[in-house]
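# Examining the three-dimensional arrangement
Now for the letters of each chain:
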Amino acid sequence: MDHVEHDENVGEEEGSANEFTEDNDTAVDNELHNDKASHDENGKEKEQFAVSDPRDKLEPRVGMEFDDDEQAYQFYNEYARRVGFSIRKQHLTKNKSGQVTFRRFVCYREGYYRNRPFDKDAKILRTDGRTGCNAHIGIKRLKSGKFCVHRFEPEHNHKLASSKKVHLLRSQRQADETQMSRAHAAVMAGMAPKPTLDLLSNNVGSDKSKNYFHGFRQHEMKVGDAGAMLHYLQKKAAEDQRFYSAIQLDMRDRITNVFWADSRSKIDYEHFGDVLCLDMTYKPNGYDRPFVQFLGVNHHTQTVIFGAAFLYADTVESFKWLFETFKEAMYGKVPHLILTDEDAAIIKAKDEIWPNTMYRHCAWHIYTSAAKNLSYVFQATPSFAIDLSKCLYDCEDEDEFVSEWERMLTQYNLTNNVWLSKQFEDRRKWALVYGRDIFSADIKSALRSEHMHSVLKTHLNAEKDLMSFFKVYERLVEDRRYNELQADIHASQSVFEVPLSRLLKQVASIYTPKVYEMFVKEFKLYVDCVIQCCGDDGNYYEVTNLEKQTKSYVRYDPAEDTLKCSCKKFEAIGILCSHAMKVLDYKNIKEIPEKYIIKRWRKDVKDGVLINKYDGTNEIDPTVAIANRYASLGRVYLHIIAKGSKCQEAYDIAIEEAEKLTRKVDLSLQNRAFDMSLSESSEDQLQDCVEVHAVRANKEAGRLTNQGASSFRNNNKQRRQRRVLSAEERTTKKRGRKVAYCRSI
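Everything in this summary refers to the structure shown in the same document. (Residues numbered from 1 in each chain as written. Predicted model: local features only at pLDDT ≥ 70, side-chain atom pairs only at ≥ 80, totals over all residues. Heavy atoms only, no water.)

Right, let's get into the pattern of salt bridges. The final tally for this structure, using the stated rule, is 32 salt bridges. Between Arg502 and Glu591 there is a salt bridge, and its shortest N-O distance comes to 3.2 Å. With Arg502 in helix α18 (residues 502-508) and Glu591 in the loop between α21 (578-586) and α22 (622-644), this residue pair connects regions lying 89 residues apart in the sequence. Ionic pairing is found between Arg602 and Glu594, a salt bridge with its closest N-O pair at 3.3 Å. The class of Arg602 is buried, set by a relative accessible area of 19%. (Salt bridge = Lys/Arg side-chain N within 4 Å of Asp/Glu carboxyl O. Helix = DSSP H or I, 4+ residues; strand = E, 2+ residues; numbered from the N terminus. Buried < 20%, exposed > 50% of the residue type's maximum accessible area, 1.4 Å probe, protein only.)

The next thing to look at is the sheet that holds strand β12 (residues 337-340). The mixed open sheet is built from seven strands, whose spatial order is β7-β8-β11-β10-β9-β12-β13. Taken across any chain shown, the strands that pair with only one partner, and hence form the sheet edges, are β7 (244-249) and β13 (358-361). Each neighbouring strand pair of the sheet contributes to a mean axis angle of 20°, computed without reference to strand direction. When strand β9 (residues 275-282) meets β12, the two strands line up parallel, connected through three bridges. Paired with Cys277 across the two strands is Leu339, which belongs to β12. Along the sheet face, helix α9 (residues 363-373) touches β9, β12 and β13 and points at about 15° away from the line of β9. (Pairing = 2+ DSSP bridges. Axes fitted to C-alpha atoms, helices over the stretch in contact; angles between N-to-C directions. Contact = heavy atoms within 4.5 Å.)

What follows concerns the environment of Pro513. Mapped onto the elements, Pro513 comes out in helix α19 (residues 513-527). The sequence separation of Pro513 and Ala487 amounts to 26 residues, and the corresponding C-alpha distance is 8.4 Å.

A cluster of nonpolar residues, Leu633, Tyr637, Ile640, Ile641, Leu661, Val665 and Leu669, forms a patch on the protein surface that exposes about 620 Å² of accessible area. Counting only elements with at least two residues in the nonpolar patch, the list comes to α22 and α23 (648-700). A total of four residues in the nonpolar patch trace back to one element, the largest contributor, which is α22. For Leu633, a relative accessible area of 47% translates into the label partly exposed. (Patch = residues over 30% accessible without salt bridge, like charges linked within 9 Å, V, L, I, M, F, W, Y side chains within 5 Å. Areas by Shrake-Rupley, 256 points an atom, 1.4 Å probe, with all protein chains shown as cover.)

What follows deals with the sheet that holds strand β15 (residues 540-545). In spatial order, the strands read β14-β15-β16-β17; together these four strands make up an open sheet with antiparallel pairing. Each end of this open sheet is capped by a strand with a single partner; those strands are β14 (529-533) and β17 (562-565). With direction set aside, neighbouring strand axes in the sheet form an average angle of 25°. Note that β15 and strand β16 (residues 550-557) share six bridges and pair antiparallel.

With that settled, consider the packing of aromatic side chains. Under the definition given, this model contains 41 aromatic pairs. Aromatic side chains Tyr79 and Phe85 sit 6.1 Å apart centroid to centroid with 80° between the ring planes, which places their arrangement in the edge-to-face category. Each of the two residues, Tyr79 as well as Phe85, counts as buried. Judged by centre distance (6.2 Å) and plane angle (85°), the rings of Phe401 and Tyr434 are edge-to-face. With Phe401 in helix α12 (residues 398-411) and Tyr434 in the loop between α14 (427-430) and α15 (443-448), the pair connects residues that are 33 residues apart, well separated along the chain. Neither residue differs from the other here; Phe401 and Tyr434 are each classed as buried. (Phe/Tyr/Trp six-rings, centres within 6.5 Å; stacked < 30°, edge-to-face > 60°.)

Attention shifts here to helix α8 (residues 344-353). Ala345, Ile346, Ala349, Lys350 and Ile353 are the residues of α8 that are buried. The arc that holds the buried residues of α8, viewed along the axis, is 130°, so those residues lie on one side. Packing partners of the buried residues in α8 comprise β9, α7 (316-329), β12 and β13. Of the residues flanking the start of α8, the one acting as N-cap is Asp343, its side-chain oxygen 2.8 Å from the backbone nitrogen of Ala345. (Arc of directions from axis to C-beta. Polar contact = N/O pair within 3.5 Å; in protein donor to acceptor, adjacent residues only side chain to side chain.)

Rendered as structure tokens:
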């Protein structure tokens, strides 16, 4: 027999936690009942409600199917928003296995309160807002697991909320992207957090408007940390106009998650955001403050920081918010690959927000986890760390990885270790030899040499002041950016002593020194390789490394000038492998094709500006076009600002060109205004000519029947001619003013 439950307040998302909110809905309806003065009896009031045209509503219908009951609830709630009422979940039925088989969503004014006590001492007298409304929708589970609508009642016995007031109803209190952008703009403008939240509350209601996280934070925040965070974000926003920050609150209006990224991080991500590592090392179980970093690798194979966050709730919803916020901060760009912990919440959130981004469990995280789970082995035998690193990072193929792993287990008597056995079962998710067809930018090397963690973990302790953490973190970020600047200077001034090899001379002038060293290692291996043609078409080769006695197979397409090697080193790292070099040499090709020198490894990767020009010719809404052009220009000139501030000479050039550009833009706007006014004058002249021509045609056809009518039309004709002459004079004067202005410039 099915199990039946009644949950009248479940649909209100923890409605019992705040009983005053039900009366807010009632207050809105009472205001609607009392607001009769603005309507007349001829149905004018219907124009102010969202139910004006049934064709504009996505109305439920019997037989409509949904993937689950939550999707059906969201659909009915959206329909309710269009019509003008709030909903709640009233009734559900479950089978023996606990699956929902029947569900009913009702209007928030359904039924009546039973025996509600009246408290005469209450500060706020509650009104009975339920009217017994029968509007509802019923869904039931199908054999396929989906739900379908089997009952729908659209009629209400009360007035509906207008489109201007529907957002105040409980189930409709949600912040959309536009309102979130307004709140962010207010923060960027220097508005304090409290007024910013109040501003957002006025737009989307007072209960769920500022609650982007539908729950409660899982980890407590030290007293004073919230104020320190807000102070830091406001300080950074004042210093950096392109600084981005976002705050997520829980159901109790407490800060739950915080994200921030400065303008330099945005620029770095624009160039190196193809591969991203979500560093979750500082979890609350190890440290008191749950710190998260977005890391990447630059053209010097150094670690770069794209953003940071504090996550006091590590649920699916929190990570969805984090990924959406990061995407918004980076102008909609998502990474090609993300490396992080094997966390089910992260994976699910990634699949929903970044569905086209590939996921790999980071080998570096495996190593850090091994240091915790096998700490006794690390302490007893220091050589274990070297052997584990070799398994994780240095194996070239699957056979070598399996062989080294088994040797390590045998040597250190870890064959029966449960944790290592679990990692080996999941090896395809993290082992580098299984992910060579995915570009990773050799980020493992950058993360292996990263030493931020030993410094940061001491300042994430709750005993430390949070402001001291921000100071240390800022210093570490600046240190890494200074290291990149030094590497850039070294790359621009250094001259490599290369042997008489056309190929090495080519890459030495293009690659950064660090990437050039990686290429030289492959070049040395290429010298020790032998090649043999093994294909019927003469374009399939077997390349053998004499030192390692390993074989790889390379396919060369002369028509497309492409190479594809079985080792997949180029696909994984972006550097041509020794086997492909051997084939090029065999074909007497002495330079690497341009397509195999990717931009992210070049010295000049940051030269110029990455411009994604916005084409607003097909944009219907001019306001949207202006906003998109504004965002596009902001990204372009952010690079100029960053480069122009590095020295006084560059600054002077930027200011001088900015003044010239300002004059050109002003002139363009004035010309546009002039052309619009000229177009209006031309339309008036055309209309006058049409009218004069019509008069003449009437004369020729003999349609003027009397002299009085003819005299009247002649007078009109003279007035129109005078108007045309006046318009021509105005046009001539405007042209003269334009010429004079241009000469003055």
